[in-house]
Amino acid sequence: MGEGGHTLFPTAIGDCGIAWGPRGIVAVQLPEADAPRTRARLLKGLPPLPEVARPPAPVQAAIEGVQALLAGHSRSDLREIELDMRQLTPFQRAVYAIARAIPPGQTRTYGEVAHELGDPNLSRAVGQALGHNPFAPIVPCHRVLAAGARAGGFSAGGGVATKLRMLAIEGARPSGTASLFEDWG
């Protein structure tokens, strides 16, 4: 993937950002209020990475996968995308591996993820790990809900409304309710 870089790219929900290094994708950012805020949040905590107009092929493939997913044109789970998780704790890696296994259109709860990790008391820690997810939507934290299939929190721009919009695009129905964004026409 070369030395690394970053770029912003359009999606159905707004401009996202992606940053990469020699060992894979190091961050993905869902849209913020504007491009400068998206870029600033993408690069926060990363070493300086130049803006690149033409990303390397694996990064371009990741961009196209995210664009298709956010447009509702793909049922891919994006697990083929190589992520550089060296900066993460073993617990975060384990939570993100479980989240990546949730197919588009399906959801799990923080408690279910905690149970899969072997300790149902880890629900809050699971939520915190997902709240610090640097790879959304490649690590689909939006597919993990609070108890009772309630939306819970979402740290991306737009908060819970963005989470519900992404779930609606995928055809998921938290709590069995109709989506606010569904086209009834």
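Right, let's walk through the structure included here. Because the structure is predicted, anything quoted here is derived from the model rather than measured.

Rules of the game
- Residues numbered from 1 in each chain as written.
- Predicted model: local features only at pLDDT ≥ 70, side-chain atom pairs only at ≥ 80, totals over all residues.
- Heavy atoms only, no water.
- Helix = DSSP H or I, 4+ residues; strand = E, 2+ residues; numbered from the N terminus.
- Buried < 20%, exposed > 50% of the residue type's maximum accessible area, 1.4 Å probe, protein only.
- Polar contact = N/O pair within 3.5 Å; in protein donor to acceptor, adjacent residues only side chain to side chain.
- Expected span 1.5 Å × (residues − 1).
- Arc of directions from axis to C-beta.
- Contact = heavy atoms within 4.5 Å.
- Pairing = 2+ DSSP bridges.
- Axes fitted to C-alpha atoms, helices over the stretch in contact; angles between N-to-C directions.

Backbone torsion omega between alanine 136 and proline 137 reads 5°, so that peptide bond is classified as cis. Structurally, the position occupied by proline 137 is in the loop between α5 (123–131) and β5 (144–145). We note that leucine 78 has phi near 60°; this positive angle belongs to a residue other than glycine. Looking at the secondary structure, you find leucine 78 in the loop between α2 (57–71) and α3 (90–100). Here leucine 78 falls in the buried class, since its relative accessible area comes to 2%. With phi around 60°, alanine 149 is a residue other than glycine that occupies positive phi space. Tracing the backbone shows alanine 149 in the loop between β5 and α6 (159–170).

Of note, asparagine 133 is situated in the loop between α5 and β5. A relative accessible area of 11% places asparagine 133 in the buried class. A distance of 2.8 Å separates a polar atom in the side chain of asparagine 133 from the backbone nitrogen of phenylalanine 135.

Turning our attention to α2. Over its 15 residues, α2 extends 21 Å from the first C-alpha to the last, a length consistent with the 21 Å expected when each residue adds 1.5 Å. Those residues of α2 not exposed but buried are Val59, Ala62, Ile63, Gly65, Val66, Leu69 and Leu70. Buried residues of α2, seen end-on, are gathered within an arc of 160° and therefore sit on one face of the element. Summarising the contacts, the buried residues of α2 are in contact with β1 (5–9), β2 (16–21), β3 (24–29) and α6.

Turning to the sheet that holds β1, a few remarks are in order. One open sheet holds the 3 strands; their spatial order is β1-β2-β3, and the pairing between them is antiparallel. Both outer strands of the open sheet, β1 and β3, are each paired with one neighbouring strand and no more. Pairs of neighbouring strands in the sheet enclose a mean axial angle of 20°, with direction left out of account. This element, helix α1 (residues 35–43), spans β1, β2 and β3 of the sheet and lies at about 145° to β1. Contacting β1, β2 and β3, α2 runs over the sheet at an angle of about 155° to β2.

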